Amino acid sequence: MNTRIYCLDDHNEALAQAVSTRMTGACIEVVSRTFPDGESYLRITEDAKGIDAIVVCSLDNPNEKVLQLLFLVDALKDMGAKSIGLVAPYLAYMRQDIRFNPGEAISSKTFAALISQHFDWMVTVDPHLHRYNSLDEIYSIPNRVVSSAKAIACWIKDQVEKPLLVGPDSESAQWLSEISDLSGIPYLCLEKIRSGDRDVAVSGDDFSQWHGFEPILVDDIISSGHTMLETITYLKNAGFSAPVCIGIHALFNDATYLELQRAGARVITCNTVFHHSNSIDVNEGIVTAIKEITRP
Ligand code: R5P
């Protein structure tokens, strides 16, 4: 392979460098800026004829990033790139997977069609698979899903003496069971009812048998933080200490981060979306997946 790496987001620089080293391909500078009218300018600084391009760009804040991504891909194709893969540690638009109300756009399908049309393959970390069993149901390109479970299990084993994994809802069971299988740490899931973007209620069975354990809340996404906040309150009312909250993808803002800390939680995230709380490194798994998917 004649590999070149293109990093569209400064926050993904460390990952792009790791890919560059392991795939023995140079990182090529992409120059971009915004015109006074708000439109985007983009320039690739080296010829791309015959190369196998790897574009690194986590897709948090997707509306800001996607047009740039498409400009980059089209420019690479025009210049004669042989193949173009996308490495998106966080994959956006996975949560609207059905029409909850009449007339709603099923954005997960539209987004998947757009990405599949422009890229030859994709690697991502723990996408939000709820009503879809696999990305193949909506993505038509080869893809690899990296699991953060091993890295999370190692972090917990290293940091917490008597952990109990707690999931805020049944969807989180997929991540909890994997971490539990790898580490032997017990887990239980609560029930969540969401009645609005920031309106969440959680409930659960009596789990007094677990007193003395340190609860570790695990969810794939922390966004408004309300799922975590409600679960923290629930656990505290049940007599537990404030938990460690582990989110795979840190989609929250600083106000949410502060609120979680004020509730007594220690917030820990994986480095799929840049945030000060990033303490669990999943880059190694990403690079391994890229090697697998690009293997001739
Ligand atoms: C939803 O199904 C996800 O697994 C998360 O629980 C959710 O995205 C968290 O969102 P928020 O932080 O806004 O409650």
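Everything that follows concerns the structure shown earlier in this document.
Residues numbered from 1 in each chain as written. Predicted model: local features only at pLDDT ≥ 70, side-chain atom pairs only at ≥ 80, totals over all residues. Heavy atoms only, no water.

**Q** Whenever I open this one, the sheet that holds strand β10 (residues 187-189) confuses me. Can you help?
**A** Whenever strands of a sheet pair, they do so through backbone hydrogen bonds, lying parallel or antiparallel. Taking strand neighbours across the sheet as the criterion, the 6 strands line up as β10-β9-β13-β14-β15-β16 in an open arrangement whose pairing is parallel. Strands at the two margins of the open sheet, each flanked by one partner only, are β10 and β16 (278-280). If you compare each strand with its neighbour and ignore which way they point, the axes differ by 35 degrees on average. Looking at chain direction, strand β15 (residues 266-270) and β16 are connected through 2 bridges and run parallel. The residue bridging Cys270 from the neighbouring strand is Ile280, located in β16. Against the sheet, helix α4 (residues 149-159) contacts β9 (163-167), β13 (214-222), β14 (244-250), β15 and β16, and its axis sits at roughly 155 degrees relative to β14. In this fold helix α6 (residues 226-237) packs onto β9, β13 and β14, with an angle of close to 165 degrees to the strand it touches most, β13. (Pairing = 2+ DSSP bridges. Helix = DSSP H or I, 4+ residues; strand = E, 2+ residues; numbered from the N terminus. Axes fitted to C-alpha atoms, helices over the stretch in contact; angles between N-to-C directions. Contact = heavy atoms within 4.5 Å.)

**Q** Explanation requested: helix α1 (residues 13-22) in the structure shown.
**A** Because each turn of an α-helix spans 3.6 residues, side chains separated by three or four positions end up pointing in the same direction. For α1, the full list of buried residues reads Leu15, Ala16, Val19 and Ser20. Down the axis of α1, the sector holding all buried residues measures 140 degrees, keeping them to one side. Along α1, the residues that are exposed and aim more than 90 degrees away from the buried face are Ala14 and Thr21. Buried residues along α1 sit against β1 (3-7), β2 (26-28), β5 (52-56), β6 (83-88) and α8 (283-294). Taken from the residues just after α1, Thr24 is the one with a positive phi, measuring 40 degrees. (Buried < 20%, exposed > 50% of the residue type's maximum accessible area, 1.4 Å probe, protein only. Arc of directions from axis to C-beta.)

**Q** Explain the site of the ligand to me, please; I cannot follow it from the model alone.
**A** Around the ligand sit 15 residues, and of these Glu171, Asp219, Asp220, Ser224 and Thr227 come closest. The side chain of Glu171 places a nitrogen or oxygen atom 2.8 Å from an oxygen atom of the ligand. Measuring from an oxygen atom of the ligand, one finds a side-chain N or O atom of Ser224 at 2.6 Å. Elements with a contribution of two residues or more to the shell around the ligand: β11 (191-196), β13 and α6. When residues of the shell around the ligand are assigned to their parent elements, the largest contribution, 4 residues, is made by β13. Among the residues forming the shell around the ligand, the class breakdown is 2 nonpolar, 6 polar and 7 charged. (Near = heavy atom within 4 Å. Polar contact = N/O pair within 3.5 Å; in protein donor to acceptor, adjacent residues only side chain to side chain. Nonpolar A, V, L, I, M, F, W, Y, C, P; charged D, E, K, R; others polar.)

**Q** What should I look at first to understand the pairing of strand β12 (residues 199-203) in this one?
**A** Moving residue by residue along a regular strand, the side chains alternate between the two faces of the sheet. Here β12 shows a buried face lined by Val200 and Val202 and an unburied face lined by Asp199, Ala201 and Ser203. Pairing analysis gives 5 bridges linking β11 to β12, with the strands arranged antiparallel. Each bridged residue has a counterpart across the sheet, and for Gly196 the counterpart in β12 is Asp199. Adjacent in sequence and paired antiparallel, β11 and β12 are bridged by 2 residues.

**Q** What's the story with the environment of Ala151 in this structure? I'm lost.
**A** Checked against the element boundaries, Ala151 lands in helix α4. Sequence-wise, Ala151 and Val31 are 120 residues apart; in three dimensions their C-alpha atoms are separated by 34 Å. What Ala151 contacts, discounting residues up to four positions off in sequence, is Ile280, Asp281 and Val282.

**Q** Just to check I follow, could you spell out the packing of helix α2 (residues 62-78) against helix α3 (residues 107-118) for this structure?
**A** A packed helix pair is summarised by two numbers, namely the angle formed by the two axes and the spacing between the axes. The N-to-C vectors of α2 and α3 enclose an angle of 20 degrees; their axes lie 10 Å apart at closest approach. Between α2 and α3, the crossing angle belongs to the class labelled roughly parallel. Relative to α3, α2 is oriented so that their crossing is left-handed. Mapping the contact onto sequence places Val66, Leu69, Leu70, Val73, Asp74 and Lys77 in α2 and Phe111, Leu114, Ile115, Gln117 and His118 in α3. (Parallel < 35°, antiparallel > 145°, perpendicular 65-115°, else oblique. Left-handed = near helix turned anticlockwise from the far one by under 90°.)

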